[in-house]
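# Fold and geometry: a report
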Amino acid sequence: MAAPSSTAAKTANIMLTIPEKKTVSLDLYRPLRNYIVYNYSEREAQNLEDDLQTLKQFRSDIERGPNESSLPARRDLLQNYYKSLCAVESRFPISPDQDHINSVTFTWYDAFKNKNKAAQQNIHLEKAAVLFNLGAVHSQMGLGFDRSSVEGRRQGSHSFIAAAGAFAFLRDNVAMKASMGSSTTVDVSVECAGMLERLMLAQAQECVFENSIAKGNTPGVCAKISRQVGLFYEEALAALNVAPLNQHFDKAWLAHVQLKAALFYAEACYRYSLELHDKEEIAEEIARLKSGVNVLSEARKTSPRGAPQQLLDAITKLEASSNLNLEKAIKENDRVYLMRVPPASSLPPLAAFSLVKPMQMNDILDASKEKMFASLVPDNSAKALSRYTEMVDDVIRTQAEKLQQGSELARVRLREMDLPDSILALEGNLSLPVALKEDVEAVQICGGPAGLDAEIQQLRDLKRVNQELLVQTEELLQKEATEDTQFRTQFGTRWTRPQSTTLTKNLQDRLNRFAANLKQAAESDARIDRSVRDHAALMSILDCRPIESALPTLARPILSLDATEDAIVGALKQSLRQLENLGAQRAGLEDMLKEMKRKDDILPKLMTSTGSHEDLFRKEIAKYDHICEEISQNIEAQEQLLLQIQAQNYEFASIFNLEDYKASRERIYKQIEAAILKYQEIKENINEGLKFYVTLQEAITNVKQQCSDFVMTRNMQCREMMEEVQRQISGLSFQDNKSSSGYTYPAVGQAHQPPRSNPQMQTETGNIPNSSRPHQAPTYQPPPQQPTMSGYSQTSNPYSSPQPPAPPPQRPTMSGYSQTSPPYSSSQPPYHFPGQGQPYSHPQPHPQHQQQPPPSHEYGQPAYPGWRGPYYNAPPQQPGAMPQPPYTAPSPPYPHPPPHQSGYYRQ
């Protein structure tokens, strides 16, 4: 069954955006300036005039609403104003108290019910409203992107994540303080901020799901992403169905969230059913499809009215697709599989995969570097608050260290007793160590040992291509030498030009070295092939899927005298569950400490306190005593429980022969490790071989081009010599600048000045025998991301400029190493390219000129116009030439070792 492009993804334009809160005009300038004058001085007020004007402008821009500016500018304004409010909060006490700034009242209307408003002399209400509007602006930005494209959906998801971060920051830091007064609105409450955070995460994950469909991810992956979308919507729906939100939002909102939750649950069931169908798990496929269809039907019936028609159409379409696949699956099951369909209640929950989380706003909204009102020194109440904060931090730090030490102690003690791994092994839930499992997965992703045969075949194909290139080049020189011998025999002493064999000695020597290299390379290839065969049994364990199936199992004793095994195992499990509960309790206690600190704001008390600050501190710090007592009790209970588990585990190990199981498991671990090392070694050797053949092909192609240039030059000389000989025979010979006695014949590698142009010669250029024209060589094209030849010595390349002849690259055999080196020596790689005197070394810049020298044109003329090299700019194929090889040299799955660590010949 094929999956449609997407059903739920077609609802991309059906998303919710959050409206901004509105406020009334407010003058902050005059009250704050008067406070500075009264508590500090007129001079201080004059010095802070710019900061006061900036704050006044921020508040004025906020009052004008979002229509006056673009969304990004609005976002920046809200962020800057929030940081300014943090600076104001620590320096200007705004409250109804007579000694505070009591002439400032912040008024904000509810974003969802505009008739409701909150008016407080509390700066936290202003901060909460600004954070709410910041999240609203991010949601509007997310809805404004073109989500019909991959990039638009990515940007939209990023904006929704930022919106979720703003609402989470509001919930965790400001909402509680803004709701303390009698005049408040629901939209900035803790419950509403949490619901909006879930809603924004749902829409961000929905964008990710749409991109996963567009990228063609597997049904299983799409099902996990879709399920997480549904979970986010379900969490938002749960918040909307309880007070204080259940009577606050329009029914259209409730219908939208409810239908989206059902839609993406059914989408996850549908996608997962496609994967089950491929696995021929028809019974669960039928159950999942039925579950998804039932949820869609129930949501359609129970959701309030007001949902957009496009969303209803998407539900109808998904329901139709699910029913169609359900009918097909039922027919297949009735005719072929005859499997019992499990009830929906017995199915495990669908797996979910979250790819989004709220953006961390702490750095974005950090006001610690805010310079506004920096010259104002806080009063003694602010200094006292800092002292109290240090005392609270000290208590929390001490208790957090105790909790962490307790958790670490439990982890170490359990590891010493091999728990809970031994219990899991008894139940068949085996697992590898994380690092070893990752290595096995990496091998299996690369094809595993079974995929080595195809790569070895690539080595064979590359070797064939190099051999064919070498044969063609030798035939080119042989044909030219044969023609020269024929003319020399025909004309005798009149044929005065040098013999071909004296001019092509260097080229012939290079070709001979190439042939020797290919012979050695073939031997190395054979050793790789033999190594794969010899270690096939060792590496076969890596083909086990899952790899845990290769692990030994912890079996129950064959003979039991008192049949107490189940009781012992049950008691040990119960103790482990209790230990796990203690760990969860410690996590809860730590969160409770942090939550208490977050809500612990004694600034209003400090502002109004007339007694000793130390007495107030002792009274307030006592709030943490009961949590500290619970932490001590938890640590003590864990110590007693660990002693009990140690005794139970000793009895368990003696009955189930745990030591033998551990030894067997360790042997399997070592076998897997050895198989991985051998696979990596062979893989690296194959990759070195592939790179060797590619570089050798380039070198042979370069020599072939030189041979072609040489043959072309010799053909031109041949025509001139024949004209001269014919004139001598006819008695018409005369001396001129073209006489043979004045003509020099350069050897291979020397520059040659071609003769002056001759119309007859140009006319006869097309009459050169076919035997003297170069053959088009089959060229192996490397893959686009072929790794650099880091394993070769970096010396000069004789093919880039005229150099003395040098031996070709060597591919040494196993026996070619020094007799004193061990067989596994990594002193030089198998396909090594020695520096001095070998043609496969990488070119090295001249000490004085770091630029690559221009290509030389040997034998007096360039190869052809626009020629840049025979490997990456090879000429088109000619009729009869070898076709392109049907393979590529893949990039190695493991990083290529440095030159001194090559492992190609390791066995």
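Think of each chain on its own: its residues are numbered from 1, step by step along the sequence as written. Since the coordinates come from a predicted model, pLDDT governs what is reported: local features require at least 70, and pairs of side-chain atoms require 80 or more to be given and counted, while whole-chain, interface and lining totals use all residues. Here the side-chain values reflect all heavy atoms present in the structure, with hydrogen atoms and water set aside.

In this section: the overall build of the chain. The helix and strand inventory of the chain stands at 24 helices and two strands. Contacts were defined at the residue level, with two residues in contact if any of their heavy atoms lie within 4.5 Å. Within the chain, counting contacts between residues at least 6 apart in sequence, those at least 24 apart form 84% of the total. Summed over its atoms, the accessible surface of the chain is roughly 44,800 Å², and 52% of this surface lies on carbon and sulfur atoms. Think of it this way: any DSSP run of H or I at least four residues long counts as a helix, any run of E at least two long counts as a strand, and we number them from the N terminus. Accessible surface area values rest on a Shrake-Rupley calculation with a 1.4 Å probe, where residue burial reflects the displayed protein chains alone.

Turning our attention to the packing of aromatic side chains. The rule is short: rings of Phe, Tyr and Trp, with Trp giving its six-membered ring, pair when the centres are within 6.5 Å, and they are stacked under 30 degrees, edge-to-face over 60, tilted in between. As enumerated under the stated definition, the model contains 15 aromatic pairs in all. Taking 5.5 Å as the distance between ring centres and 35° as the angle between the ring planes, the aromatic pair formed by tyrosine 388 and phenylalanine 617 counts as tilted. Taken together, the positions of tyrosine 388 in helix H12 (residues 380–416) and phenylalanine 617 in helix H21 (residues 613–621) put the pair 229 residues apart, joining distant regions of the chain. Accessibility assignment for this pair places tyrosine 388 and phenylalanine 617 in one class, buried. For the ring pair phenylalanine 487 and phenylalanine 491, a centre distance of 6.3 Å and an interplane angle of 15° mean the geometry is stacked. Residue phenylalanine 487 and its partner phenylalanine 491 are both found in helix H15 (residues 452–491); the two are separated by four residues, about one turn of the helix. One residue, lysine 56, lies across the ring of tyrosine 29, its end atom 5.5 Å from the ring centre. To sort residues, take the accessible area from a 1.4 Å probe on protein chains only and compare it with the maximum for the residue type: under 20% means buried, over 50% means exposed, and anything in between is partly exposed. The rule is short: NZ of Lys or CZ of Arg within 6 Å of the ring centre and within 35 degrees of the ring normal puts a charge over the ring.

In this section: a negative patch on the surface. Patch criteria: residues need more than 30% relative accessible area and no salt bridge. Like-charged residues are merged within 9 Å; nonpolar side chains of Val, Leu, Ile, Met, Phe, Trp and Tyr are merged within 5 Å. Salt bridges are identified by distance alone: a Lys or Arg side-chain nitrogen within 4 Å of an Asp or Glu carboxyl oxygen. Just so you know, the count uses Lys and Arg for positive and Asp and Glu for negative, and it drops His and the chain ends. Note that the charge is assigned to NZ on lysines, CZ on arginines, CG on aspartates and CD on glutamates. Negative charge collects at one region of the surface, where Glu438, Asp439, Glu666 and Glu673 lie side by side. Among the secondary structure elements, those contributing two or more residues to the negative patch are helix H14 (434–445) and helix H23 (658–730). Examined against the element boundaries, aspartate 439 turns out to sit in helix H14. For aspartate 439, a relative accessible area of 35% puts it in the partly exposed group.

Time to look at the pattern of salt bridges. The final tally for this structure, using the stated rule, is 41 salt bridges. For glutamate 480, the salt bridge is made with arginine 497, and the minimal N-O distance between the two is 3.8 Å. On the criterion of sequence distance, the pair formed by glutamate 480 in helix H15 and arginine 497 in the loop between H15 and helix H16 (500–503) is long-range, its members being 17 residues apart. Using a relative accessible area of 4% as the deciding quantity, one classes glutamate 480 as buried. As a salt-bridge pair, arginine 714 and aspartate 484 come within 3.3 Å of each other at their nearest N and O atoms. Here the residue arginine 714 occupies a position in helix H23, and aspartate 484 occupies one in helix H15, the gap between them amounting to 230 residues. One continuous salt-bridge network, built from bridges that share partners, spans Arg171, Asp172, Glu197, Arg198 and Glu235.

In this section: the pairing of strand E2 (residues 117–120). Each regular strand displays side chains that alternate between the two surfaces of the sheet. Of the two faces of E2, only one is covered, namely that formed by Ala118 and Gln120; the face formed by Lys117 and Ala119 stays uncovered. Strands were regarded as paired on the criterion that DSSP finds at least two bridges between them. As defined by bridge partners, strand E1 (residues 106–109) adjoins E2 across four bridges and the pair is classed as antiparallel. Note on E2: the bridge partner recorded for tryptophan 108 is alanine 118.

Working note: non-glycine residues mostly have negative phi, and peptide bonds are mostly trans. Following alanine 243, the chain continues into proline 244 via a peptide bond in cis, with omega recorded as 5°. Tracing the backbone shows proline 244 in the loop between helix H8 (219–240) and helix H9 (251–278). Positive phi values are uncommon outside glycine, yet glutamate 280 reaches one of about 60°. Within the secondary structure, glutamate 280 is located in the loop between H9 and helix H10 (282–302). By relative accessible area, which is 48% here, glutamate 280 ends up partly exposed. Although it is not a glycine, leucine 338 adopts a positive phi angle of roughly 55°. In this fold, leucine 338 is placed in the loop between helix H11 (309–337) and H12. On the accessibility criterion, leucine 338 (64% relative accessible area) is exposed.

Attention shifts here to helix H6 (residues 150–178). Helix span, as expected, comes to 1.5 Å for every residue beyond the first. Counted at 1.5 Å a residue, the expected span for H6 with its 29 residues is 42 Å, and the 40 Å between its end C-alpha atoms agrees. If you look at H6, its biggest bend is around 50°, right at arginine 171. To get the bend at a given residue, fit one axis to the seven residues ending there, fit another to the seven starting there, and take the angle between those axes.

The topology assignment puts glutamine 203 in helix H7 (residues 190–214). If we ignore the near neighbours within four places in the chain, the residues touching glutamine 203 are Met15, Leu16, Phe160 and Tyr233.

The next thing to look at is helix H4 (residues 71–89). If you check H4, its first and last C-alpha atoms are 27 Å apart, about what 19 residues at 1.5 Å a residue would give, namely 27 Å. Where the residues of H4 are buried, they touch helix H1 (29–39), helix H3 (49–64), helix H5 (123–144) and H6.

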